[in-house]
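Structural characterization, general
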Amino acid sequence: MSDNQSAVAVMPGQIAHWYEAPRKPFTYAERAKTVFLFGGLTQMHDQLIESVFQHLGYRARALPQADNAAYQTGKEYGNRGQCNPTYFTVGNLVKYLIELRDREGLSSEQIVSDYVFFTAGACGPCRFGMYVTEYRKALRDAGFDGFRILQFQNAVDFAQGGGDDGLILNRRFFFGLIKTVVAGDVLNLLGYRLRPYERQAGQTDAVLGQCRQVVGQALLNGQSVTRALRQCRPLLAAIEVNYLQPKPKVAIIGEFWAMTTEGDGNYRLQRFLEQEGAECDIQPITNWGLYTVWVARHNLDQQIAGQRGRQPFTWRGLWATVRTRVLLRIADMALKTTFYRFARAAGLVRYQLPDMNHLASISHAHYRNELRGGEGHMEVGKLIEANEKHKAHLVLSVKPFGCMPSSAVSDGVQSAVSARFTQVEFLPIETSGDSAVNVYSRIQMALHKARQRAESEYRATLDRFGLASDREDLPHASRQYPAKTVACTAANHLYSVMGWRRVLPKG
Ligand code: SF4
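Residues numbered from 1 in each chain as written. Predicted model: local features only at pLDDT ≥ 70, side-chain atom pairs only at ≥ 80, totals over all residues.

1. With respect to the overall build of the chain
For the record, the criterion: Where helices and strands are cited, they refer to DSSP runs of H or I of at least four residues and of E of at least two residues respectively, numbered from the N terminus. The size measure is the radius of gyration over C-alpha atoms, and the globule rule it meets is 2.2 Å times the number of residues to the 0.38 power. To assign burial, the other C-beta atoms lying within 10 Å of each residue's own C-beta are counted, with C-beta atoms placed from the backbone; 20 or more indicates buried, 12 or fewer indicates exposed, and intermediate counts indicate partly exposed. Distance between backbone-placed C-beta atoms decides contact: two residues are in contact if it is within 7 Å.
Each helix and strand counted, the chain has 18 helices and eight strands in total. For the chain, whose C-alpha radius of gyration is 25 Å, the value lies close to the compact-globule estimate of 23 Å for 507 residues. Each principal axis of the C-alpha distribution contributes one length, and for the chain these read about 90 × 65 × 45 Å. When each of the 507 residues of the chain is scored for burial, the buried share is 43%. In the chain, the share of contacts with a sequence separation of at least 24, taken over all contacts with a separation of at least 6, comes to 73%.

Pasting the structure below:
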């Protein structure tokens with residue numbers, strides 16, 4: 001019996017149900033001496049979030065990207081039968097604390113008292129709702145019993161704790177976090193557009209590093225992120241590119257963490273694809289925010305439909321509904337406006353966030369919009385949309401081992417969807433922490449077909465304009481990423497250039 005359970009008084013004959021005792025709170029007085037750990041998104045996001053937390057007065061530190069050693073630690077201290085991201089994320093925290101103890105010589109008591117971990121929580125139908133319990137179990141078994149995990153959800157309780165809360169979840173906190181996530185999205189998207197076509201290897205990463213400094217400094221000092229991104233624009237525009245390389249475009253979809261991480265959790269998928277000569281079409285985290293707002297609106301609509309004719313009309317009820325609707329509309333608009341403002345400032349042109357209503361309507365016939373867990377219907381909608389709009393040559397769905405929603409979607413529903421929509425190749429891959437070689441070889445096979453599609457689009461475009469592929473006077477670069485006509489960026493570049501020049505003399 002754990003000390004959590006012992007906190008419950010059990011009468012004779014009663015069952016001693018498991019009970020999680022309240023943790024020691026994180027108080028305002030502790031802020032100055034407490035290190036605030038967090039992590040789990042991309043490197044760009046994590047490092048920018050560190051700056052915004054520091055601006056808000058926290059001694060924040062982003063954890064390193066979760067690697068295979070973190071996964072092994074998660075396996076060692078976690079429960080059996082968890083989904084793969086649980087092992088990576090829980091193991092990453094435990095591994096970090098063990099290193100603090102064993103390498104830096106801090107005692108376990110010191111770590112428990114001077115460090116806290118901040119993470120998002122949910123009460124969804126999948127294992128995400130159990131993460132915090134997993135963290136606590138693994139931390140206890142690793143010798144850090146009592147280590148505090150702060151969640152978004154729990155945060156409400158903290159906020160009600162009498163004004164002595166260490167974690168202050170106010171508008172400043174949330175707006176700061178949203179701005180940071182969106183800025184990270186914009187810089188990441190630019191990186192994935194530029195890196196495959198850069199003429200000088202490593203230039204994009206070097207410039208992104210500079211941009212991270214510029215935006216991070218602005219966040220740290222509470223200055224305008226838009227202005228900081230404007231400063232990044234000329235740096236990014238100076239990256240020399242050669243767009244005349246027909247590369248397969250690969251859209252990465254799937255479970256949120258597995259498709260977002262850039263570490264071993266998905267076998268460093270994005271970098272692997274780029275090394276294999278592909279261009280990645282990543283999913284910004286902003287999409288998740290838009291989906292969350294859409295879900296809240298959909299739930300509200302359903303609630304109203306369910307109550308119609310059963311509950312008497314009240315002005316108070318009407319006011320509550322209108323208010324919620326307006327707030328959700330504002331949240332949706334604020335996310336989109338912030339994204340497009342930042343995108344314009346940094347030079348991310350011709351990028352469109354998905355229309356959540358459209359994704360819901362096209363996926364509805366295959367996956368109910370009411371099903372929650374993972375990405376819900378969004379994953380199905382993204383595959384259909386990639387086909388409809390011919391957005392990619394290959395769609396890769398990243399499914400973590402042991403993931404309940406992804407098993408239903410990637411293995412089940414998407415098989416039917418990909419059999420019906422055949423414009424793009426579809427490949428679901430399972431991330432289990434090992435068997436990287438298997439995954440890589442399956443991707444290489446799918447990439448072969450995707451490459452053929454990209455090359456044939458490029459050749460068709462050359463033919464259309466009567467161009468020879470070896471013409472040296474064809475411009476390799478343009479000031480901006482080309483507008484989309486087909487999926488292949490090299491072909492789009494030709495369309496952009498030819499549209500601009502109208503007719504190019506035949507060579
Ligand atoms: S969506 Fe899947 S991988 Fe992600 S937390 Fe839920 S069960 Fe785990």
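Having seen the structure, we can now continue with the description.
2. Concerning helix α5 (residues 131–141)
All of the buried residues along α5 are Tyr-131, Val-132, Glu-134, Tyr-135, Arg-136, Ala-138 and Leu-139. Check the buried side of α5 and you find it contacts α2 (68–77), α3 (84–102), β3 (115–119) and β4 (148–151). Among the residues trailing α5, Gly-143 stands out with phi positive, at a value near 100°.

3. Notes on the site of the ligand
Where we set the bar: To decide whether a residue is near a molecule or strand, its C-beta atom is placed from the backbone and checked for lying within 6 Å of it. Residue classes follow a fixed rule: Ala, Val, Leu, Ile, Met, Phe, Trp, Tyr, Cys and Pro count as nonpolar, while Asp, Glu, Lys and Arg count as charged, and any other residue, Gly among them, counts as polar.
Around the ligand sit 14 residues, and of these Cys-83, Cys-126, Phe-128, Gly-374 and Cys-403 come closest. When the residues that make up the shell around the ligand are grouped by side-chain class, the tally is nine nonpolar, three polar and two charged.

4. Description of unusual backbone geometry
A positive phi angle, near 60°, is found at Tyr-267, a position not held by glycine. The class for Tyr-267 is buried, based on 24 C-beta atoms found within 10 Å. Located in the positive-phi region is Ser-435, a residue other than glycine, with phi close to 50°. By the element assignment, Ser-435 lies in the loop between β8 (425–431) and α17 (436–464).

5. Here we look at the pairing of strand β7 (residues 394–400)
Note the cut-off: Only when DSSP finds a minimum of two bridges between them are two strands counted as paired. When the strands point away from the viewer and the connection leading from the first strand across the helix to the second strand turns clockwise, the crossover is called right-handed.
By the criterion of burial, β7 is predominantly enclosed, with seven of the seven residues buried. On β7, burial covers both faces: Leu-394, Leu-396, Val-398 and Pro-400 on one face and Val-395, Ser-397 and Lys-399 on the other are all buried. For strand β5 (residues 249–254) and β7, the ladder comprises five bridges, and the chain directions are parallel. Paired with Val-250 across the two strands is Leu-394, which belongs to β7. Bridging between β7 and β8 involves seven bridges; their strand directions are parallel. Following the sheet pairing, Leu-394 is matched in β8 by Glu-425. For the segment spanning β7, helix α16 (residues 404–420) and β8, crossover handedness is right-handed.

6. Thoughts on the sheet that holds β8
Keep this limit in mind: To get an axis, a line is fitted to the C-alpha atoms, and for a helix only the part in contact is used. The angle between two axes follows their N-to-C directions and goes from 0 to 180 degrees.
Strand order in the open sheet formed by four strands is β6-β5-β7-β8, with parallel pairing between adjacent strands. Looking at which strands have only one partner, the edges of the open sheet turn out to be β6 (279–281) and β8. Sheet twist, expressed as the average angle between the axes of neighbouring strands with direction ignored, equals 30°.

7. A word on the sheet that holds strand β1 (residues 35–38)
Taken in spatial order, the four strands of this open sheet run β2-β1-β3-β4, and their pairing is parallel. Taken across any chain shown, the strands that pair with only one partner, and hence form the sheet edges, are β2 (59–62) and β4. Pairs of neighbouring strands in the sheet enclose a mean axial angle of 30°, with direction left out of account. By the bridge criterion, three bridges tie β1 to β3 in an arrangement that is parallel. If you follow Phe-36 over to β3, its bridge partner there is Val-116.

8. Regarding the confidence of the model for the chain
Note the following rule: The quantity known as pLDDT measures the predictor's confidence residue by residue, on a range of 0 to 100.
Of the residues in the chain, 93% reach a pLDDT of 70 or more, and the chain-wide mean stands at 89. This stretch, residues 1–7, has a pLDDT under 50; its non-local contacts, to residues over four places away or in other chains, come to nine contacts. Confidence drops under a pLDDT of 50 for residues 154–162, and excluding neighbours within four residues, the segment shows ten contacts in the predicted structure.

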